Amino acid sequence: MRCLGLMLVSVFISVTASAQTASQSDAATLRQQLKKLNTLGSVLYVAAHPDDENTRLLAYLAQEKHYRTGYLSLTRGDGGQNLIGNEQGELLGLIRTQELLAARRMDGAEQFFTRANDFGFSKNPEETLTIWDREKVLGDMVWVIRKFRPDVMICRFPTTGEGGHGHHTTSAILAQEAFAAAADPKRFPEQLKYVQPWQAKRLLWNTFNFGGNNTTADTQFKIDAGSYNPLLGKGYGEIAAESRSNHRSQGFGSARQRGQALEYFKTILGTAPQTDLMDGVNITWKRMKGGDAVGNGITAITRGFDEDHPEKAVPALVKLAESIDKITDSYWREQKTNELNNLIAACAGLWFESYVTLPSYAVGEQMQVRSQVISRYNTPVKLTQINGQQLNDRTLPVNELQSFESTLTAARITQPYWLEAPHGIGMYTINDNLKVGNPENPDFPAVAYEFNINGHPFRFERRLMYKYVNPARGELYQPVEIAPPVTINPENKVYVFNTAQPQKLQLKMKSFVADASGAVTLKPVAGWKISPASIDFSGKAKGAEWVETFTIAPTGTASGVAPAQATVTTGGKTYDLGIQRIQYEHIPNITLFPLAQVKLVNIELKTAGKKIGYLPGAGDLMPDALRQVGYEVHLLTDEEIMNADLSVYDAIVTGVRAYNVLDRLPYEQPKLLAYVKNGGNLVVQYNNFAGLKVNSIGPYPFTVVNERVTNENAQVTVTAPQNPLLNYPNKITQADFDGWVQERGLYFVNNIAPEYQTPLAMNDAGEAPNKGSLIAANYGQGRFVYTSLAFFRQLPAGVPGAYRLFVNLLSRPK
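Structural notes, computed from the coordinates. (Residues numbered from 1 in each chain as written. Predicted model: local features only at pLDDT ≥ 70, side-chain atom pairs only at ≥ 80, totals over all residues. Heavy atoms only, no water.)

1. Brief notes about the sheet that holds strand β26 (residues 503–511)
And step 1. Ordered in space as β24-β26-β30-β28, the 4 strands form an open sheet in which the pairing is antiparallel. Of all the strands in the sheet, just β24 (486–490) and β28 (528–531) have a single pairing partner and so form its edges. If you compare each strand with its neighbour and ignore which way they point, the axes differ by 30° on average.
And step 2. Examined bridge by bridge, β24 and β26 share 5 bridges and lie antiparallel to one another. Considered in β26, the bridge of Thr487 is made with Lys510. (Pairing = 2+ DSSP bridges. Helix = DSSP H or I, 4+ residues; strand = E, 2+ residues; numbered from the N terminus. Axes fitted to C-alpha atoms, helices over the stretch in contact; angles between N-to-C directions.)

2. Description of the pattern of salt bridges
And step 1. Scanning the entire structure with this criterion turns up 34 salt bridges.
And step 2. Residue Arg56 is joined to Glu263 by a salt bridge in which the shortest nitrogen-to-oxygen separation is 2.9 Å. Within this pair, whereas Arg56 is found in helix α2 (residues 55–63), its partner Glu263 is found in strand β12 (residues 262–270), the two being separated by 207 residues in sequence.
And step 3. Taking the relative accessible area as the measure of exposure, Glu263 reaches 4% and is therefore buried.
And step 4. Among the salt bridges present, the one from Glu743 reaches Arg793, with a minimum N-O distance of 2.7 Å. (Salt bridge = Lys/Arg side-chain N within 4 Å of Asp/Glu carboxyl O. Buried < 20%, exposed > 50% of the residue type's maximum accessible area, 1.4 Å probe, protein only.)

3. Description of empty space enclosed by the protein
And step 1. Across all of its chains, the model carries 2 cavities of 30 Å³ or more by this definition.
And step 2. Lining the largest cavity are 15 residues, with Gln81, Asn82, Gln88, Gly619 and Phe792 positioned closest to its centre.
And step 3. Looking at side-chain class alone, the lining of the largest cavity contains 5 nonpolar, 7 polar and 3 charged residues.
And step 4. The volume enclosed by the second largest cavity comes to roughly 70 Å³.
And step 5. Forming the boundary of the second largest cavity are 11 residues, of which Arg412, Ile413, Thr414, Asn441 and Asp443 lie nearest the centre.
And step 6. Partitioned by chemical class, the residues of the lining of the second largest cavity number 4 nonpolar, 3 polar and 4 charged. (1 Å grid on protein atoms, 1.4 Å probe; cavity = no way out; pocket = protein on both sides within 12 Å on 5 of 7 lines; lining within 4 Å. Points joined across faces, edges and corners; volume = space filled by probe spheres on them. Nonpolar A, V, L, I, M, F, W, Y, C, P; charged D, E, K, R; others polar.)

4. Here's the deal with the packing of aromatic side chains
And step 1. Under the counting rule described, the total for this entry stands at 31 aromatic pairs.
And step 2. On the basis of an interplanar angle of 10° and a centroid distance of 6.0 Å, the ring pair of Tyr686 and Tyr747 is categorised as stacked. Of the two residues, Tyr686 is situated in the loop between β39 (681–684) and β40 (703–704) and Tyr747 in the loop between β41 (716–718) and β42 (749–750); the sequence distance between them amounts to 61 residues. Pair check on accessibility: Tyr686 and Tyr747 agree, each one buried.
And step 3. Between Tyr700 and Tyr779, the ring centres sit 5.9 Å apart and the planes meet at 85°, which makes this aromatic pair edge-to-face. Residue Tyr700 is found in the loop between β39 and β40, and its partner Tyr779 is found in strand β44 (residues 774–779); the two are separated by 79 residues along the sequence.
And step 4. The rings of Tyr700, Phe702, Tyr756, Tyr779, Phe784 and Tyr786 are connected pair by pair, giving a single aromatic cluster.
And step 5. Positioned above the aromatic ring of Trp418, the side-chain terminus of Arg76 is 3.4 Å from the ring centre.
And step 6. For the cation-ring pair, Lys467 lies above Tyr355, with the distance from its terminal atom to the ring centre recorded as 4.2 Å. (Phe/Tyr/Trp six-rings, centres within 6.5 Å; stacked < 30°, edge-to-face > 60°. Lys NZ or Arg CZ within 6 Å of the ring centre and 35° of its normal.)

Spatial relationships are all this shows, so hold off on functional conclusions.
Listed below in structure tokens is the structure:
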């Protein structure tokens with residue numbers, strides 16, 4: 001094995017990163033690639049969130065019509081709920097980004113984003129555009145359009161509100177603006193250094209029949225997207241289901257659909273299609289000067305293609321590459337050159353990849369890289385260089401795996417680029433605008449290869465991966481982590497104080513370098529006493545983990561919420577990041593480096609009772625939040641609910657959406673209500689109105705409905721000032737509703753039986769007061785509470801008033 005010294009170079013990669021691991025090269029894929037190579041059309045689908053896209057239509061456009069097909073989602077879905085774990089906010093956005101990429105790998109489309117942050121449900125576009133920066137989101141859309149150059153744009157939603165969500169409607173409004181702005185050189189002229197104005201032929205609305213709204217009509221233009229592809233052995237309804245089922249965090253597992261499936265379209269801007277989506281667009285090589293010869297060449301290669309011997313097509317494909325090199329249209333030349341290069345490599349039997357054998361490295365560290373190459377057919381292939389290191393045109397032997405050892409500098413921390421800077425509620429802060437639109441970091445570590453195939457040079461990139469073998473799952477690839485030399489993870493994100501009693505603040509440290517030494521510090525915070533000032537460490541081995549402990553207490557001037565930042569100084573530099581990993585089998589591992597910061601919350605809080613039984617639902621962080629204020633929280637099992645003595649718990653709490661996701665609840669519900677009847681206190685957190693596992697959640701009737709208050713600052717009216725929920729053990733006032741995050745509540749209840757008390761009312765602007773956020777009833781000797789208030793967001797965020805109110809729900813006067 002030959003050792004090469006490689007340096008990682010920073011390269012600009014277009015909106016769709018070209019670096020990849022070895023791609024598929026089966027006969028069906030090669031046939032599909034030949035068809036795509038001879039098609040010069042592009043379609044961009046636009047909506048607001050992961051899961052908004054029409055996966056059947058995307059699959060049909062990408063794999064039947066062979067258009068370059070993209071989905072522009074304005075957000076990453078950060079503000080939704082999570083059915084598979086407790087990640088919320090930007091963490092959920094990371095999961096849904098990868099779920100979208102997994103979906104695109106199945107339906108064949110590409111994925112793009114703007115910098116807009118999904119801040120939660122919005123009732124109208126006016127609210128949405130007070131939180132999003134309209135001009136920046138529009139500019140990002142224009143940037144993607146100018147880079148992607150779609151012939152046709154398609155919206156999922158209309159501007160008139162039938163989409164039911166302010167983000168949905170906004171995506172349509174901004175799509176119309178972007179359609180025109182992308183063609184106007186006076187709009188966003190700073191982009192023209194890198195791209196040119198672009199005018200799509202038409203903007204269509206893909207009308208729909210779901211959510212109680214049928215917006216389709218027989219008079220609309222329509223296509224059948226349910227056709228069957230014999231090369232793939234699937235219809236597009238089947239592919240769509242496989243694609244959509246990747247949205248596991250949203251519970252969108254889908255059944256495969258087969259047969260005719262009409263898609264309807266209404267023309268919004270541009271000329272209306274009459275017979276074909278691409279009416280008026282030349283999707284052949286004749287659309288550009290000199291293209292006739294290229295198109296004829298592809299047709300001839302396709303006609304004579306031998307699936308048993310794809311290598312026979314290599315000489316003609318190489319000659320075709322020389323013709324494409326002469327095309328003056330830089331956009332299509334680049335697109336088709338990339339497609340053709342991958343096709344030539346596959347037909348030549350070339351397989352190559354680069355990987356590391358460790359999952360993590362420190363920034364600046366030398367990574368040991370193994371690059372492997374094999375030429376499976378008797379095609380004249382020479383390996384010229386790897387990342388600039390000459391190999392003297394090494395001829396690759398037939399079907400013999402060649403390995404090369406090298407080193408690569410870990411140049412940058414692999415922080416997701418939209419999380420590199422602090423951000424507000426509605427927008428991510430992206431300082432490098434060239435990265436906008438990318439689903440992932442365009443500068444992930446990659447290795448460049450150069451080959452000579454049939455006398456013609458070809459350049460490829462392969463993303464550097466961590467490869468390993470799992471005994472249960474086999475060979476696996478995961479992204480490489482590049483971390484700070486030392487990371488700091490606070491044990492808790494929030495520390496709640498209701499007395500002057502000091503607390504221990506533990507920092508979990510991890511070294512990614514050998515023999516790490518330095519000091520960790522908690523920066524001073526006004527109104528708080530922190531000791532010691534700093535803690536030294538030395539001699540920490542690579543991979544070592546340890547804990548450093550600070551003592552912290554409020555002084556007489558501490559009040560409300562204050563951030564405390566931890567930093568570590570090592571190797572002459574200061575770092576302020578932790579490390580967080582998110583792992584699910586259906587997506588690649590995700591690593592991010594959040595600020596090593598905690599919230600110090602000093603509140604006046606009384607508690608009653610001590611022992612809480614918690615029945616986890618779809619996933620939330622409530623148990624840890626309750627432990628912060630001194631509760632003993634026990635996670636209940638099915639066995640305990642059915643057979644244990646529940647009376648030992650001062651309160652039992654069901655996690656968010658428990659009645660949507662726990663199949664055993666219909667059997668356990670009588671036990672929980674018996675616990676209430678015998679003197680217990682049951683607190684049920686919000687559930688979705690769709691897919692309830694039981695007919696009746698409470699001892700008396702009420703109905704969960706699709707109503708919510710999305711403005712976290714909406715006025716709250718106390719309708720029953722003497723109600724125990726608002727008085728024991730804490731007196732609840734208007735101040736307790738200050739500082740809430742994202743929303744007041746979701747999936748409120750109505751048709752409320754008279755046995756329930758409704759002590760609160762609230763509403764968004766222009767709506768009637770809603771009493772369905774909090775209801776309670778005495779039942780037997782105990783109390784049943786149902787709340788749609790978003791405590792699952794408020795308590796982990798350290799909102800003082802939410803803590804006080806939730807403690808009251810747990811506390812029942814004796």
